[in-house]
Amino acid sequence: MIRPIAISDSANFYVNANFYVSAERIFDPTLKNVPVIVLSNNDGCAVARSDEAKALGIKMGEPLHLIRNKVEAHGIRVFSSNYTLYGDISRRVVEVYEDYSPTVEIYSIDECFLDFTGFRDRTAHAKSLRREVLRRIGVPVRVGIAPTKTLAKCANDIAKKNPIFAGVLDMMDESLANWLLPLVPVGDIWGIGRKTQAKLEGIGIGTAAELRDMPLRQARALGTVVLERTVLELQGEPCIAFDDVEPQRKGMAVTRSSGKPMKDFDTLFQAITAHATRAAEKLRQHGLVAGNLTVFFHTNRHRQDRPQYAGSKSTRLTRMSSDTFDLVGAAKRCALAAWPKIGAESYGFTKAGIMLDDLLPYDERPLTLFDMQRDQSPTLMQALDEVNGRFGKKTIVLASEGMKRSWQLRSDHHSPRYTTRLSDLPVVR
């Protein structure tokens, strides 16, 4: 479920994990009012739960194999994560937001900030936005209104738990904030983690109101400038800047768990090739090149009855690159260097990944003597991206990625990609 949060002259729109369930329900009316859960990668554990599933005691992060009896007994509908669908639905929701605000800051797939400057009746505007998102997209939303992002998230959470607000809570009124903040546990405040929560509760601060009234010097001493800013935000002083320009990425990673343990180097390298290929695509989408690459892989750390091994190796890309061949070649060198020298056959690697650091815009990359010899690389990569974009992902892949791909994630409960794949378009009979 998407939960928009509005801030005085700015609006913060927050999407919680229920959004995944809401996206699944758009195209399947039989899911309405029934318990639904969405699983993490590799169908591991519940990462999204409908209200009906929560009422049955399904906890966030609970492994599927531990709740199978409950799933069968209560007819809980189970879905694998369908990030292609969720990402496209989120994009469509943002398009509605753009009709209601001149500036939208996309924070992540499930969080945005909007500029509400100039709107006299914020509540009416928020209600209109909610109706339009539901009408055009089919996703229910909630709106909280407050002077700062932290207070706005708090207002949204209150609106979620209290139906008396009918999905919209304007907490611009200080007296309303004074009434509500004492009812909010300090651990529910944005930016307060478990360790900080324990420290605060250790000195008698257990509510948002008590945190708001905490002396700033004490807040800085207990939780550095980060906690001090949270206190100021709760007092109504904006400290988290509104940013309508996406910051330049400093690094990126592509990691996946394996559907089956990877017991030989060829299988592992197939997965690493796929991850490096995806990383190169992401670099080109953002117009970036990377200067450093790291490969890692490890066994299942939760299986202490099995031999454990974790391998990792980094290399410098002497020619900063977003070329798929460059990244795959560097990844292979790293993987070979990190591969266990003895007893490799006794391990079953369950996760592998690629990390890229030292990212720069393509036009700002330092040139080397070899760049003139590789001037055809951007053209080749553009052609590769265009073919895969037109005819579908994985239309052209490197041979080292393999064809059978036994390492791919389990996804036994995957719903169709209704909005992005022609073969998955819903059919009305």
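Computed from a prediction, not measured in an experiment: that's the story for all the values here.

Thoughts on the overall build of the chain
Part 1 of the reasoning: In terms of regular secondary structure, the chain is built from 13 helices and 13 strands.
Part 2 of the reasoning: Sequence separation of at least 24 residues holds for 67% of the intrachain contacts in the chain that already meet a minimum separation of 6.
Part 3 of the reasoning: On the chain, roughly 22500 Å² of surface is accessible, and the fraction owed to carbon and sulfur atoms is 52%.

So, the side chain of Ser81
Part 1 of the reasoning: Tracing the chain through its elements places Ser81 in the loop between β5 (77-79) and α4 (83-100).
Part 2 of the reasoning: Overall, the relative accessible area of 10% leaves Ser81 in the buried class.
Part 3 of the reasoning: Among the polar contacts listed, one links the side chain of Ser81 to the backbone oxygen of Leu39, at a separation of 2.2 Å.
Part 4 of the reasoning: Here Tyr83 takes part through its side chain, which lies 3.3 Å from a polar atom of the side chain of Ser81.
Part 5 of the reasoning: If we skip the residues at most four places from it in the chain, Ser81 touches Val38, Leu39, Ser40, Asn41, Val47, Tyr86 and His414.

Comments concerning the nonpolar core
Part 1 of the reasoning: In terms of nonpolar packing, the biggest core is built from 34 residues, with Ile272, Leu293, Val295, Phe297, Ile354 and Leu356 touching the most fellow members.
Part 2 of the reasoning: Sorting the residues of this core by element identifies β10 (251-262), α11 (265-285), β11 (288-299), α12 (324-338) and β13 (349-361) as the ones contributing at least two each.
Part 3 of the reasoning: Ranked by residue count, the leading element in this core is α11, at nine residues.
Part 4 of the reasoning: Not counting chain neighbours up to four residues away, the residues in contact with Leu356 comprise Gly251, Met252, Ala279, Leu283, Ala290, Asn292, Leu293 and Leu327.
Part 5 of the reasoning: Grouped together as the second largest cluster of nonpolar side chains are 28 residues, Ala146, Leu169, Ala208 and Ala209 included.

Quick look at α12
Part 1 of the reasoning: The end-to-end C-alpha distance of α12 is 21 Å, a good match for the 21 Å that 15 residues give at a rise of 1.5 Å each.
Part 2 of the reasoning: Those residues of α12 that are buried lie in contact with α11, β11, β12 (310-321), β13 and α13 (377-391).
Part 3 of the reasoning: Taking the backbone nitrogen of Phe325 as reference, a side-chain oxygen 2.7 Å away marks Asp323 as the first, capping residue of α12.

A closer look at unusual backbone geometry
Excluding glycine, residues mostly carry a negative phi; peptide bonds, for their part, are mostly trans.
Part 1 of the reasoning: The phi dihedral of Asn33 falls on the positive side, at around 65°, and the residue is not glycine.
Part 2 of the reasoning: Even without being a glycine, Thr224 presents a positive backbone phi close to 60°.
Part 3 of the reasoning: Tracing the chain through its elements places Thr224 in helix α10 (residues 216-234).

Overview of the packing of aromatic side chains
Part 1 of the reasoning: Summed over the entire model, instances satisfying the criterion amount to 14 aromatic pairs.
Part 2 of the reasoning: Relative to Trp339, the ring of Phe297 has its centre 6.1 Å away and its plane inclined at 45°; by these criteria the two rings are tilted. On the criterion of sequence distance, the pair formed by Phe297 in strand β11 and Trp339 in the loop between α12 and β13 is long-range, its members being 42 residues apart. For the residue pair Phe297 and Trp339, the accessibility class agrees, reading buried in each case.
Part 3 of the reasoning: In textbook terms, an aromatic cluster arises when at least three aromatic residues are bridged by ring pairs, as seen for Phe265, Phe269, Phe297, Tyr309, Trp339, Tyr347 and Phe349.

Quick notes on the sheet that holds β10
Part 1 of the reasoning: Read from one edge to the other, the open sheet built from four strands follows the order β10-β13-β11-β12, with strand pairing classed as antiparallel. Only two strands of the sheet have a single partner each, and these edge strands are β10 and β12. Adjacent strand axes in the sheet meet at a mean angle of 15° when their direction is disregarded.
Part 2 of the reasoning: In terms of strand pairing, β11 meets β12 through eight bridges, oriented antiparallel. Considered in β12, the bridge of His298 is made with Ala310.
Part 3 of the reasoning: Lying on the sheet, α12 is in contact with β11, β12 and β13; it crosses β12 at an angle near 150°.

Re the environment of Ile89
Part 1 of the reasoning: Tracing the chain through its elements places Ile89 in helix α4.
Part 2 of the reasoning: A relative accessible area of 2% means that Ile89 is categorised as buried.
Part 3 of the reasoning: Counting along the chain gives 48 residues from Ile89 to Ile137, while the straight-line C-alpha distance between them is 7.5 Å.
Part 4 of the reasoning: Every residue in contact with Ile89, bar those within four places of it in the chain, is listed here: Phe19, Ala23, Ile26, Phe27, Ile137, Val139 and Thr419.

Examining the pattern of salt bridges
Part 1 of the reasoning: According to the stated counting rule, one finds 17 salt bridges in the structure shown.
Part 2 of the reasoning: Of the charged contacts in the structure, one is a salt bridge between Arg92 and Asp88, with a shortest N-O distance of 2.8 Å. Here Asp88 and Arg92 lie together in helix α4, a separation of four residues that amounts to about one turn.
Part 3 of the reasoning: Where Asp213 meets Arg212, a salt bridge forms, and the shortest distance between an N and an O atom there is 3.1 Å.
Part 4 of the reasoning: Classification of Asp213 as exposed rests on a relative accessible area of 52%.
Part 5 of the reasoning: Taken together, the shared-partner salt bridges connect Asp88, Arg91, Arg92 and Glu95 into one network.

Describing the sheet that holds strand β4 (residues 46-49)
Part 1 of the reasoning: A sheet is described by the order of its strands in space; here three strands give the open sequence β4-β3-β5, paired in mixed fashion. Strands at the two margins of the open sheet, each flanked by one partner only, are β4 and β5. Direction aside, the axes of adjacent strands within the sheet are offset by 25° on average.
Part 2 of the reasoning: Looking at chain direction, strand β3 (residues 36-39) and β4 are connected through three bridges and run antiparallel.

Side note on the packing of α11 against α12
In a pair of packed helices, the angle between the axes and the distance between the axes together describe the arrangement.
Part 1 of the reasoning: In the contact formed by α11 and α12, the axes pass within 9 Å of each other and the chain directions differ by 145°. In this structure, α11 meets α12 at a crossing whose hand is right-handed. On α12, the residues touching Phe265, Phe269, Ile272, Thr273, Ala276, Thr277, Ala279, Ala280, Leu283 and Arg284 of α11 are Thr324, Leu327, Val328, Ala331, Lys332, Ala335 and Leu336.
Part 2 of the reasoning: Partitioning the contact of α11 with α12 into residue classes produces twelve nonpolar, three polar and two charged.

A few points about the packing of helix α6 (residues 149-161) against α10
Part 1 of the reasoning: Taken N-terminus to C-terminus, the directions of α6 and α10 make an angle of 65°; their axes are 7 Å apart at the nearest point. Between α6 and α10, the interaxial angle falls into the category roughly perpendicular. In this structure, α6 uses Lys149, Thr150 and Leu151 to contact α10, whose residues at the interface are Thr230, Glu233 and Leu234.
Part 2 of the reasoning: The residue inventory of the contact of α6 with α10, partitioned by class, reads two nonpolar, two polar and two charged.

Reading the values: rules and limits
- Residues numbered from 1 in each chain as written.
- Predicted model: local features only at pLDDT ≥ 70, side-chain atom pairs only at ≥ 80, totals over all residues.
- Heavy atoms only, no water.
- Helix = DSSP H or I, 4+ residues; strand = E, 2+ residues; numbered from the N terminus.
- Contact = heavy atoms within 4.5 Å.
- Areas by Shrake-Rupley, 256 points an atom, 1.4 Å probe, with all protein chains shown as cover.
- Buried < 20%, exposed > 50% of the residue type's maximum accessible area, 1.4 Å probe, protein only.
- Polar contact = N/O pair within 3.5 Å; in protein donor to acceptor, adjacent residues only side chain to side chain.
- Core = buried A, V, L, I, M, F, W, Y, C linked by side-chain atoms within 4.5 Å.
- Expected span 1.5 Å × (residues − 1).
- Phe/Tyr/Trp six-rings, centres within 6.5 Å; stacked < 30°, edge-to-face > 60°.
- Pairing = 2+ DSSP bridges.
- Axes fitted to C-alpha atoms, helices over the stretch in contact; angles between N-to-C directions.
- Salt bridge = Lys/Arg side-chain N within 4 Å of Asp/Glu carboxyl O.
- Left-handed = near helix turned anticlockwise from the far one by under 90°.
- Nonpolar A, V, L, I, M, F, W, Y, C, P; charged D, E, K, R; others polar.
- Parallel < 35°, antiparallel > 145°, perpendicular 65-115°, else oblique.

These results come straight from atomic positions and should not be treated as a statement about function.
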